[in-house]
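Listed below, chain by chain, are the residues.
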Protein chains: 2
Amino acid sequence: MQIILLSGGSGTRLWPLSNDARSKQFLRLLDVEGTDIRESMVQRVMRQIREIGIDADVTVATSVSQQDSVIAQLGEGVSIVTEPSRRDTFPAICLACEYLAKEKQCAEDEIVVVMPCDPYTETGYFGCIKRMVQSIADGCADMMVMGICPTYPSEKYGYVVPEKEYTDEVIAVKRFTEKPDVQTAEKLIADGALWNGGVFAFRLRYLTAISDKYVSAKSFTEVRDRYDEFPKISFDYEVAEKATSIGMVKFLGKWKDLGTWNTLTDELHCKKYGNVLTDDTCENTHIFNELGIPLLCLGTKDLVIAASPDGIFVSEKSKSENIKGYAAALKNRPMYEERRWGKYKIVDSVCFPDGSQSLTKHVSLDPDCSISYHRHDYHDEVWTIIDGEGEIVIDGVRRKIKRGDTVEIPKGFKHGVHALTSLSFIEVQTGTKLSEEDIYRFSYD
Amino acid sequence: MQIILLSGGSGTRLWPLSNDARSKQFLRLLDVEGTDIRESMVQRVMRQIREIGIDADVTVATSVSQQDSVIAQLGEGVSIVTEPSRRDTFPAICLACEYLAKEKQCAEDEIVVVMPCDPYTETGYFGCIKRMVQSIADGCADMMVMGICPTYPSEKYGYVVPEKEYTDEVIAVKRFTEKPDVQTAEKLIADGALWNGGVFAFRLRYLTAISDKYVSAKSFTEVRDRYDEFPKISFDYEVAEKATSIGMVKFLGKWKDLGTWNTLTDELHCKKYGNVLTDDTCENTHIFNELGIPLLCLGTKDLVIAASPDGIFVSEKSKSENIKGYAAALKNRPMYEERRWGKYKIVDSVCFPDGSQSLTKHVSLDPDCSISYHRHDYHDEVWTIIDGEGEIVIDGVRRKIKRGDTVEIPKGFKHGVHALTSLSFIEVQTGTKLSEEDIYRFSYD
């Protein structure tokens, strides 16, 4: 059995804690019951999959910008398939299935479960997935979908309209309805429709046959190279709605989309994260401070306050959904990123009147991790090592570095670094084009 | 005529915009009517003194930590007397008067006006000062005090109780009452008492005679060296209350102490300072953002929000006075300072588990300004020049520096820098004791 976790999202709705590299599913805010540990949504889902004993390989379908976060949070135990460009869920799922079929050499009758990486739910959800898989194994239908019990007539979700019950557990699906208005939603719910939770099960060949119609290729590499030939369409429209044999399993337990500040904070018992002081008169105020400086809050009510290297957000909770209207205005390069080798934050950034720029980063590498050999064409870098030891290679010359050392890397010079211990340095970039795109990677000669 | 402006304050009540180096009087938040310019309280008072045409030399009595802010904001046109240690207003005024007498060689019958540097008031206030000076010149009394028309029975202020009217303008003072309770304040006001605005006029010899009783010295340097021999007592207790011949001039115009977030924001028409976005549903919310990152605020009511390199403050306006209870918890080295040569901000600061530390500063020098020759014993520095040109001297060796250059300054090495243009650099300190006290100044050999 194979599980494909869909990890997408633009990272604007939980700004400034989320950004393009750190979507909401990567925020380590959720308490692991009975421990002091906090985990992210994607970590929670992976833990739940393992805890219920689903024996499946997990492949994460994601974007290039989220790849390092996935590795940092889930480790090496999962496969990752990255989309060459952002399209929609249908192409993303095709690509992941082609990976399973052509790269991983999975059998064509192997059962595949596609699911979002960030549902906030309980164990029963995963039991429900087991029943979906069993239904496919039993030949009940070509495809199974999970129906979520609606709690209100939402306009945000798709609905699955049932036809008749096959068995106690499996219900035939009559049709799907995407994002209806409230009145239609009310009627749908009255008629027994459920929310479409985006969880599907099918045999691998079922999907590769559909994928093949758009991109018929010999290798996974070829499919990936021809990714733009897939239509920009959702899996629901292209596959689920067209399916002729589709069954549903109902999930009646707790399920939430923690996609807004309001829904997220509802689930967080802790109200203060980071360096935060409040007085006794603060009520229903959740505060997240990822900056190194103190945050003092007096007498506020019903607020969410979040501060990160990307920005500061202060909102009445019920108004916090309006943040989406400001996404474009707040669009910037991420000021904080988790990477496979560690993390960095931008601590200073200036544009001078003559067009030149400077950018200062605090970079932290984990022990025994490396930043690969690369070059920049538009900026010089100076690193001052502030902690730890490592090895740096500049244009083929290798040397040890340690706390207090300075490294000058003029533009055009290839360089890479390996951390022997935890290694931290301050990197000052100066140049005319300080963008993340100014990077050209090499292998060591 | 001589004016002594008293510039003190601990900088906690308008945290995080104010800090030990930047007390409230230095915050550039006040609109200059009819212009786009913003000025600080101390700049406003200086401008008002000049505009009304008071022909006086101005001496600012302040602490060492505020000296650079005074120079940066008022320029070279004022004299500055710094207290060697923090005592109270009586020693501070004695020191300034001894400076006028012994260093500046003012005549002993010259009239001196002592006043706070930060009253938020109108032109009439300065006309009132002129009348106080005239009254001293006319021999009405040994000392004149300004009485401010009370607007409510405050417990925060001192009161001046009148006796009888000498002339239309000058009233004999019966006694002073410091910070009464509300009931007493109500009675005082009913009996015609006024607030003591802390403005006094007298002839220089009047004060030096009192000062002499504590520290009788030949030179100003000697007075300064023996500063701790002055009692820690306020001018009101030691001088005003003991005066036998003291008159009052009434000021009936607008006068406010903008000492809390609540009173300050009442006077600020502009509600957004810095990189701030709000939606239409924000009401009565003042936002100050001195960080380089955006601040988005949605649907808040009656809040003050302030963010600076020192910290972030979010408060219901009526609760904002409670900030004083948190001063100790928020006490830290200033993360931002205006200096006579420019300014700096701390952009990153880390303590590592083994006790070593790093601190990263963005330093900006104004053209033709210098940081004097000095040495640190407990930390190394690396500077990366990000803009401009200058000259640096390291252990006697002078060299030019410009954008892109790197300068290493190991501990124990004397160094100084002169800016030929605007000069900015990122300074990374690493060491075991990163405090502002680790500095030893020299003159160039």
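Structural data are supplied above this passage.
Rules used in this analysis
- Residues numbered from 1 in each chain as written.
- Chains lettered and ligands numbered in written order.
- Predicted model: local features only at pLDDT ≥ 70, side-chain atom pairs only at ≥ 80, totals over all residues.
- Heavy atoms only, no water.
- Pairing = 2+ DSSP bridges.
- Helix = DSSP H or I, 4+ residues; strand = E, 2+ residues; numbered from the N terminus.
- Axes fitted to C-alpha atoms, helices over the stretch in contact; angles between N-to-C directions.
- Contact = heavy atoms within 4.5 Å.
- Buried area = accessible area lost by both parts, 1.4 Å probe.
- Salt bridge = Lys/Arg side-chain N within 4 Å of Asp/Glu carboxyl O.
- Polar contact = N/O pair within 3.5 Å; in protein donor to acceptor, adjacent residues only side chain to side chain.
- Left-handed = near helix turned anticlockwise from the far one by under 90°.
- Buried < 20%, exposed > 50% of the residue type's maximum accessible area, 1.4 Å probe, protein only.

### Here's the deal with the sheet that holds strand β24 (residues 379-387) of chain A
Residue and element names in this part refer to chain A.
Okay, step 1: As summarised here, the arrangement of the six strands in space is β20-β21-β22-β29-β24-β27, forming an open sheet in which the pairing is antiparallel. Edge positions in the open sheet fall to β20 (336-339) and β27 (406-409), since each of these has one partner strand only. When the angles between neighbouring strand axes are averaged without regard to direction, this sheet yields 20°.

### Structural notes on the interface of chain A and chain B
Okay, step 1: Between chain A and chain B, the contact holds 57 residues from the first and 57 residues from the second.
Okay, step 2: Interface area, chain A with chain B, both sides summed: about 4,300 Å², of which 69% is carbon and sulfur.
Okay, step 3: If you sort the residues of chain A by the area they bury against chain B, A:Leu296, A:Leu298 and A:Ile312 come out on top, with a joint share of 15%.
Okay, step 4: Here chain A is connected to chain B by four salt bridges.
Okay, step 5: The closest approach of N and O atoms between B:Asp348 and A:Lys345, which form a salt bridge, is 3.7 Å.
Okay, step 6: Linking chain A with chain B are 18 residue pairs in polar contact (both at pLDDT 80 or more), by the criterion used here.
Okay, step 7: At six residues, strand β19 (residues 311-316) of chain A tops the list of elements feeding residues into the side of chain A that touches chain B.
Okay, step 8: Across four bridges, the pairing between β19(A) and strand β17 (residues 295-298) of chain B is parallel. Residue pairing for β17(B): A:Ile312 is matched across the bridge by B:Leu295.

### A short note on the packing of helix α3 (residues 89-103) of chain A against helix α6 (residues 204-214) of chain A
Residues and elements named next belong to chain A.
Okay, step 1: The geometry of α3 relative to α6 is characterised by a closest axis approach of 9 Å and an angle of 115° between their N-to-C directions. Considering how the two elements wind past one another, α3 and α6 form a crossing that is left-handed. Taking contact as the criterion, the partners of Phe90, Ile93, Cys94, Cys97, Glu98, Leu100 and Ala101 in α3 are, on α6, Leu204, Leu207, Thr208, Ile210, Ser211, Asp212 and Tyr214.

### Focus on helix α2 (residues 64-74) of chain B
Residues and elements named next belong to chain B.
Okay, step 1: If you check which residues of α2 are buried, you get Gln66, Asp68, Ser69, Val70, Ile71, Gln73 and Leu74.
Okay, step 2: Along its buried surface, α2 packs onto β1 (2-7), α1 (41-51), β4 (57-63), β5 (79-83) and β20 (336-339).
Okay, step 3: Looking one or two residues beyond α2, the residue adopting positive phi is Gly75, at roughly 75°.

### A short note on the pattern of salt bridges
Okay, step 1: On inspection of all chains with the given rule, the structure shows 54 salt bridges over all chains.
Okay, step 2: Salt-bridge contacts for A:Asp118 lead to A:Lys24; the nearest nitrogen and oxygen are separated by 3.3 Å. One end of the pair, A:Asp118, is in the loop between β6 (111-116) and β7 (120-121); the other, A:Lys24, is in the loop between β1 (2-7) and β2 (30-31), and 94 residues separate them in sequence.
Okay, step 3: Its relative accessible area of 14% is what places A:Asp118 among the buried residues.
Okay, step 4: In this structure, the salt-bridge partner of B:Asp31 is B:Arg38, at a minimum N-O distance of 3.3 Å.

Remember that the coordinates give geometry; whether it matters functionally is a separate question.
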